[in-house]
Amino acid sequence: MSEKKAKTKESAAAAKSGVLMKKKRIFDIIQIGQRGDLPSRVFDIFIVVAILLNITTLILETFDELEDYTTLFKVIESVTVFIFCVEYILRIWTAEYLFPKLPKSKARLRFLVSYDGIVDFLTILPFFFLSGFAAFRLLRVVRIFHLFRINAHDDSFSVITKVLMEKKNQIFSSVFIILVLMLASSLCIYSVEQNAQPEAFKNALSGIWWTVATIFTVGYGDIYPVTIIGRILAVIITFLGVGAVAIPTGIISAGFVEQYTKAQNEAKKQGLKGRKRSTENIIVEKDSPYIGMAVRNLEEKYHVSVAIIIRNDILVLPEDNVKIEAADTVVYQSIG
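The rules behind the values
- Residues numbered from 1 in each chain as written.
- Predicted model: local features only at pLDDT ≥ 70, side-chain atom pairs only at ≥ 80, totals over all residues.
- Heavy atoms only, no water.
- Helix = DSSP H or I, 4+ residues; strand = E, 2+ residues; numbered from the N terminus.
- Buried < 20%, exposed > 50% of the residue type's maximum accessible area, 1.4 Å probe, protein only.
- Contact = heavy atoms within 4.5 Å.
- Areas by Shrake-Rupley, 256 points an atom, 1.4 Å probe, with all protein chains shown as cover.
- Pairing = 2+ DSSP bridges.
- Axes fitted to C-alpha atoms, helices over the stretch in contact; angles between N-to-C directions.
- Parallel < 35°, antiparallel > 145°, perpendicular 65-115°, else oblique.
- Core = buried A, V, L, I, M, F, W, Y, C linked by side-chain atoms within 4.5 Å.

Caption draft 1: View of the overall build of the protein. Each helix and strand counted, the protein has 13 helices and four strands in total. By the burial criterion, 35% of the 336 residues in the protein qualify as buried. For the protein, contacts bridging at least 24 residues in sequence account for 63% of all contacts bridging at least 6. Working note: accessible area of the protein is about 20500 Å², and carbon and sulfur atoms make up 66% of it.

Caption draft 2: Highlighting the pairing of strand E4 (residues 329–334). Among the six residues in E4, five count as buried, and that is most of the element. In the sheet, strand E2 (residues 304–311) pairs with E4 via six bridges, with the strands oriented antiparallel. Bridge pairing in E4 links isoleucine 309 to valine 330.

Caption draft 3: Local environment of the packing of helix H3 (residues 70–93) against helix H5 (residues 104–112). Put simply, H3 and H5 touch, their axes get as near as 8 Å, and they point 140° apart. Comparing their axes, H5 and H3 come out oblique. Here Tyr88, Arg91, Ile92 and Trp93 of H3 lie close against H5, whose contacting residues are Arg108, Phe111 and Leu112.

Caption draft 4: Inspection of the environment of methionine 293 at higher detail. With respect to the helices, strands and loops of the structure, methionine 293 is situated in the loop between strand E1 (279–283) and helix H13 (295–302). According to the relative accessible area criterion, methionine 293 is buried, its value standing at 15%. Placed 32 residues apart in sequence, methionine 293 and glutamate 325 show a C-alpha to C-alpha distance of 8.2 Å. Residues contacting methionine 293, with those up to four places away along its chain left out, are Leu298, Lys301, Tyr302, Val322, Lys323 and Ile324.

Caption draft 5: Structural view of the nonpolar core. Ranked by internal contacts, the top residues of the largest apolar core, which has 16 residues, are Ile47, Ile51, Phe84, Phe111 and Ile124. Counting residues in each nonpolar core, the second largest holds 13 residues, with Met182, Ala200, Ile223 and Leu233 among its members.

By themselves, these observations are geometric and do not establish any function.
In structure tokens, the structure reads:
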């Protein structure tokens, strides 16, 4: 009996291990941008095609000339939404591999409230409850950018995110200045134009629309000053608006320069340290076990600290979830 129980436990453990391996394999396939994994790339292309079909159907449904194809459009939409639902369920099911440091339930909850989880949810929600909200349905387009690796794991989008986070206080201050300028301009234009255009400027907030169009130099022309003082004021507000709107642009641009300069200096510093310490460079071959491994896992497994990754002559910031790819040059230092 004891042998039978032991065999039963072994078979159960083997079955559980097999399920976990399949689960991990599914996670690897549905993960976006696994370039070295053919099934993953095929899945990415399949999802892109489904998204394009869904969006195309959404657009074609608005043409009266194509009313005879309404049934076909509904079928295509239903099939593509079903695909999105299956993918969404699989991502929830495999969330524990996306957040390995969290328990299963917390990992799934973390995915549900994450950016990707919310976008995936809004992708399928309109089909069931908000069919008239085309703006929600167009959120499917966001997923295309994910599939082409324009996401937080790549250098370009990672730098944008870092810049916005590091400069958030300065950006908030500049936006606050713009809001104050808008309110002041609205009050000023109301004061000088209310008697001449009572139908256009009924109260102090009636000038907000005109102020926005003027500060951002759009100039729709539906509301405009007719008095001499109002026109002089409009010229002043326009000049102030050009300067105010340029402030956040300059802050963000300077942040980009700082981030890339910091990355380049870090690479140079690591290169100089490498002559005195144990910093090394490796070029990832096609058959290397490093391919597909996240930076965090690489550092934990091999007890190294990755300083920078050079990919196609571009410096990639070594964030925890960045995947190693073939032909990457990894600059690292042994820590143990």
